[in-house]
Amino acid sequence: MYIPFTGCATALVTPMRDGAVDFAALERLIDFQIEGGVSALVPCGTTGEAPTLSGEEKRRVIAFTVEKANGRLPVIAGCGSPSTALAARFAEDAARSGADGVLCVTPYYNKATEEGLYLHYSAVARASGLPIMVYNVPQRTGLAISEVAYGRLCEIPEVCAVKEASGDAAAASRLISRYGSRLAFYCGCDEICAPFYAAGGRGLISVASNAAPRKMAHLCAVCEGGRLRDAASLQKELSPFISALFSEVSPIPVKRALDYMGICSDEVRLPLCRMSAAGSARLKRSMEALGLL
């Protein structure tokens, strides 16, 4: 099995208005991504505020994304939960909706032993039958997948990829060197896209591409072409914008960016709140510098 994309995938925000999912805005966002040349769509992940979505909302967002993508791009559906039973159910729902794969974050708060991780992902695999991308983001979950644990996860045939979002480029390089022949590694941090590719990464799952799909897709294309000097230059050019996007808890800033662009509201669900005035001004300046406004 394999995750069916290389290049830039967008970790979609979930647009909201008056407390509900704004499906009209989600359709605009999906069209904007496809027109911008990204390679895949990833709904209901961290950027999609998945922990605050109900099970029914997740099911509807994923099904809607699959429908609107209409085969033009693969859809890798977020199905993470600290409950294995719920993660398996979300993965099963994603398969029924026509998703091409699932992104499954490590069980947060509960954490897990290496054996627990193996059993967790085995249950998700049985439920969906889809290719699974393991999502390692220890700063969010409190659980970092060890190098030994990756070896155990390789025993699950459906586990074929990793979204590596620890932000540690050196650790990513070691993992790719050790497991890259078995697992496809995707960068989960916009700010280290170029060095991650240089270490052997397969692609990027991007927050920034929500607002700048063409620029992030171009960065990935340059990286894939082996033009590392050009990639480093592009990464440097994008750095102030990416830094502003993570100056407050994501996806608060990227929703503010999309609000500036008229694509969706900057509404988020508590415990997230709207971006500060100072942060918003910094973000706007960085967008203007890139020609996004």
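Before reading further, recall that the structure is shown in the block above.
Cut-off values and rules
- Residues numbered from 1 in each chain as written.
- Predicted model: local features only at pLDDT ≥ 70, side-chain atom pairs only at ≥ 80, totals over all residues.
- Heavy atoms only, no water.
- Salt bridge = Lys/Arg side-chain N within 4 Å of Asp/Glu carboxyl O.
- Helix = DSSP H or I, 4+ residues; strand = E, 2+ residues; numbered from the N terminus.
- Buried < 20%, exposed > 50% of the residue type's maximum accessible area, 1.4 Å probe, protein only.
- Core = buried A, V, L, I, M, F, W, Y, C linked by side-chain atoms within 4.5 Å.
- Contact = heavy atoms within 4.5 Å.
- 1 Å grid on protein atoms, 1.4 Å probe; cavity = no way out; pocket = protein on both sides within 12 Å on 5 of 7 lines; lining within 4 Å.
- Points joined across faces, edges and corners; volume = space filled by probe spheres on them.
- Nonpolar A, V, L, I, M, F, W, Y, C, P; charged D, E, K, R; others polar.
- Axes fitted to C-alpha atoms, helices over the stretch in contact; angles between N-to-C directions.
- Parallel < 35°, antiparallel > 145°, perpendicular 65-115°, else oblique.
- Left-handed = near helix turned anticlockwise from the far one by under 90°.
- Expected span 1.5 Å × (residues − 1).
- Polar contact = N/O pair within 3.5 Å; in protein donor to acceptor, adjacent residues only side chain to side chain.

A.B. asks: Sorry, what's going on with the pattern of salt bridges here?
C.D. replies: Any two side chains of opposite charge can pair, given that their charged atoms come close. Counted under the stated rule, the structure contains 15 salt bridges. The partner of Arg59 in a salt bridge is Glu56, and the shortest N-O contact between them spans 2.7 Å. Taken together, the residues Arg59 and Glu56, both in helix α2 (residues 55-69) and 3 residues apart, mark about one turn of the helix. Residue classification places Arg59 among the partly exposed positions, given a relative accessible area of 34%. Measuring nitrogen to oxygen at the nearest pair gives 3.2 Å for the salt bridge that ties Asp230 to Arg227. For Asp230, a relative accessible area of 38% gives the class partly exposed. Classification of Arg227 by relative accessible area gives partly exposed; the value is 43%. Because the salt bridges share partners, they merge into one network encompassing Arg256, Asp259, Asp266 and Arg274.

A.B. asks: What is the right way to look at the nonpolar core in this model?
C.D. replies: In terms of nonpolar packing, the biggest core is built from 110 residues, with Phe5, Tyr121, Ile132 and Phe241 touching the most fellow members. Broken down by element, the residue count for this core peaks at 7 residues, all from helix α10 (residues 228-245). When residues no more than four places from it in sequence are discounted, the contact partners of Tyr121 are Cys104, Val105, Thr106, Ile132, Val134, Tyr135, Leu153, Ile156 and Val159.

A.B. asks: What am I meant to see in the layout of surface pockets here?
C.D. replies: The rolling of a water-molecule-sized probe over the atoms marks out the regions of remaining empty space. If you add up the space inside the largest pocket, you get close to 410 Å³. Lining the largest pocket are 25 residues; nearest its centre among them are Thr46, Ala50, Pro51, Tyr108 and Arg140. Class assignment of the residues belonging to the lining of the largest pocket gives a composition of 14 nonpolar, 7 polar and 4 charged. Considered as a void within the structure, the second largest pocket measures approximately 280 Å³ in volume. If you trace the second largest pocket, you find 17 residues lining it, with Val137, Gln139, Gly188, Cys189 and Phe246 closest to the centre.

A.B. asks: Please clarify how the packing of α10 against helix α12 (residues 277-290) should be interpreted in this entry.
C.D. replies: Geometry of a packed helix pair, given as the angle between the helix axes and the separation of the axes. Following both chains from N to C, one finds α10 and α12 inclined at 155°, their axes separated by 9 Å at the closest point. Classified by the angle between their axes, α10 and α12 sit roughly antiparallel to one another. Helix-helix and strand crossings are classified by hand; for α10 and α12 the assignment is left-handed. Between α10 and α12, the residues in contact are Glu237, Leu238, Pro240, Phe241, Ser243, Ala244 and Leu245 and Arg282, Leu283, Ser286, Met287 and Leu290, respectively.

A.B. asks: Sorry if this is basic, but what is going on with α2 here?
C.D. replies: Helical geometry note: an α-helix holds 3.6 residues per turn, so side chains three or four residues apart project in the same direction. The end-to-end C-alpha separation of α2 is 21 Å, in line with the 21 Å expected for 15 residues at 1.5 Å each. Turning to α2, its buried residues number three or more, namely Glu57, Lys58, Val61, Ile62, Phe64, Thr65, Val66 and Ala69. Buried residues belonging to α2 abut β3 (20-21), α1 (23-36), β4 (40-42), β5 (76-78) and α3 (84-97).

A.B. asks: It is not clear to me how the side chain of Asp266 should be interpreted in this structure. Could you clarify?
C.D. replies: Here Asp266 lies in the loop between α11 (252-260) and α12. Given the relative accessible area of 8%, Asp266 is considered buried. Side chain to side chain, Asp266 and Arg274 meet in a polar contact 2.7 Å long. Residues contacting Asp266, with those up to four places away along its chain left out, are Lys255, Arg256, Asp259 and Arg274.

All quantities given are derived from atomic positions and should not be read as evidence of function.
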